[in-house]
Amino acid sequence: MPLAGGAQAADGGAAGFATKAAQAYMIEASTGTVLLAKNEDQGFSPASLAKLMTMDLVFEAVTKGQITLDTEYPVSEYAWRTGGAPSRTATMFAALKSRVRVEDLIKGIAIQGANDSCIILAEGMAGSEQQFAESMTRRAREIGMEKAVFGNSTGLPDGKSKVTAREMVTLAAALQQSYPNLYPYFAQPDFEWNKIFQRNRNPLLGLDLGADGLATGFSEGEGYSIVASVQRDGRRLFLALAGIASDKERTEEAKRVLEWGLTAFESRQIFAEHEVIGAASVYGGAARTVDLIAKAPVSVYIPVSNPDRLSARIVYRWPLTAPVQPDYQAGTLRIFAGSRLLREVPLYTAQAVGEGSLSSRAVDAMLELGESLFFSWLWDKSAPG
């Protein structure tokens, strides 16, 4: 049987914290703890946030050696008219029929949100923007973005592109963690091309937050959005907000939410590395159960004041069937603060369990008929006052 359905994080965050955004999602990077969740799986038009997926494909190609930072692509008339100077949209002002290096196109996107940069890269890498957009959606599935659809490389209105706040945080984390040598382009303060100087469009970079990326967006009828990351005092947070009323409110709200995330939580380790967390039933084995462990210390971020009660639940495919090998990913530890799902941690078998005797397997077969289809183990522990 499939794993039992997981809980969903409640709207809002710890201690009744609320945001003006229509959709919001924020995590602490080292633990994956969900600090804020509001309509996080509700779709919205990505607008310029779609450029982050364009960057992911470009970064991947550079990392794999499929292209280099010195590879040059031509500026087509379509790229120039749709995303260049005549478009009156965000642009790096690439000249028609010129050739531009990949590194400069990356800077155009990361710093200026340039639409012409996106289209030039899409056409150069995939032959057409449509083929590139199809690759964007395929790539989204590969990194865990199950709902995202991309219709073009820029996020310009197309009637079908959709993402969620949770997915945009997934993408932001993938960019920062998978491409540490390329990610710093997002934090460069300015870029000049074709004798036109432009400052970074990210409004958080100059606010002494520790912000180092990523992008902003605006969609007619849906409002303003932002995907941001900050690193301060050893903590990194990833945030996505959407459905905000104005540009000014977007900056103020992002700053307020991030400051709260950086100051209102503390780290707490609840299980040590390789500590036995629970046990899973084994069918037809020499032993009836096998211990389950995590491969790294299990920590969560909890509110400094008024912490919710912590609970954890092990969920796995019941029962495991012998023989069971050690280091087999058998289930998941789900950790909650009150009703909010904070994080999920994969659990592995601590030892091998061989096949049991014929008589023991017969007994297990009878027991299986009388048991429920799912088994879970519940652990409760009060957070410190």
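Not measured: the values here are computed from a predicted model. Positions within a chain are numbered from 1, following the residues in the order the chain's sequence is written. It should be noted that, the model being predicted, local features are given only for residues of pLDDT at least 70 and side-chain atom pairs only at 80 or more, the latter also being counted only at that level, while totals for whole chains, interfaces and linings use all residues. Where side-chain values are given, they derive from all heavy atoms of the structure, hydrogens and water being excluded.

Remarks on the packing of aromatic side chains
Side-chain rings of Phe, Tyr and Trp (the six-membered ring for Trp) are treated as a pair once their centres are within 6.5 Å; stacked means planes under 30 degrees apart, edge-to-face means over 60, and tilted covers the remaining angles. Following the criterion strictly, the structure yields 7 aromatic pairs and no others. Centroid distance F191 to W193: 6.3 Å. Interplanar angle 20°. Geometry classified as stacked. Buried means the residue's accessible area, taken with a 1.4 Å probe over protein chains only, is under 20% of the maximum for its type, while exposed means over 50%, and partly exposed covers the values in between. The class of F191 is buried, set by a relative accessible area of 7%. Members of the aromatic cluster, joined through ring pairs, are F59, Y179, Y183 and F186. It is K295 that lies over the ring of Y348; its NZ or CZ is 4.2 Å from the centre. Either the NZ atom of lysine or the CZ atom of arginine qualifies as a charge over a ring when it sits within 6 Å of the ring centre and within 35 degrees of the ring normal.

Some details on the environment of G213
By the element assignment, G213 lies in strand β8 (residues 211-219). For the pair G213 and A187, spaced 26 residues apart in sequence, the C-alpha separation works out to 5.7 Å. Contacts are residue-level and defined by heavy atoms, with any inter-residue pair within 4.5 Å sufficient. Among residues more than four places away in sequence, those in contact with G213 are Y183, F186, N202, L205, V227, A228 and S229. Note on conventions: DSSP H or I runs of at least 4 residues are helices, E runs of at least 2 residues are strands, and numbering of each starts at the N terminus.

A few points about unusual backbone geometry
Across the junction of G213 and L214, the peptide omega takes the value 20°, indicating a cis bond. Tracing the backbone through its elements, the reader meets L214 in strand β8. Across the junction of A322 and P323, the peptide omega takes the value 0°, indicating a cis bond. Tracing the backbone through its elements, the reader meets P323 in the loop between β16 (320-321) and β17 (329-337). Phi at A47 takes a positive value of approximately 50°, unusual for a residue other than glycine. Following the sequence through the fold, A47 ends up in the loop between β3 (34-38) and α1 (51-63). If you check the backbone angles, D233 has positive phi at about 55° while not being a glycine. Examined against the element boundaries, D233 turns out to sit in the loop between β9 (223-232) and β10 (235-244). With relative accessibility at 73%, the residue D233 sits in the exposed group.

Description of the packing of α1 against helix α6 (residues 165-178)
Taken N-terminus to C-terminus, the directions of α1 and α6 make an angle of 30°; their axes are 10 Å apart at the nearest point. Our classification of the angle between α1 and α6 gives roughly parallel. Regarding α1 and α6, the two cross each other, and that crossing is left-handed. Only M168, L171 and L175 of α6 make contact with α1, whose side of the interface consists of L52, M53, M55, D56 and F59. The class makeup of the residues in the contact of α1 with α6 is 7 nonpolar, no polar and 1 charged. Orientation is described by lines fitted to C-alpha atoms, with helices fitted over the stretch in contact, and by angles between N-to-C directions that extend from 0 to 180 degrees. Each angle is binned into one of four classes, with values under 35 degrees roughly parallel, values over 145 roughly antiparallel, values of 65 to 115 roughly perpendicular, and all other values oblique. Each crossing gets its hand from how the near helix is turned against the far one by less than a right angle, where anticlockwise is left-handed and clockwise is right-handed. Throughout, the ten residues Ala, Val, Leu, Ile, Met, Phe, Trp, Tyr, Cys and Pro are labelled nonpolar, Asp, Glu, Lys and Arg are labelled charged, and all others, Gly among them, are labelled polar.

These figures capture arrangement, not role.
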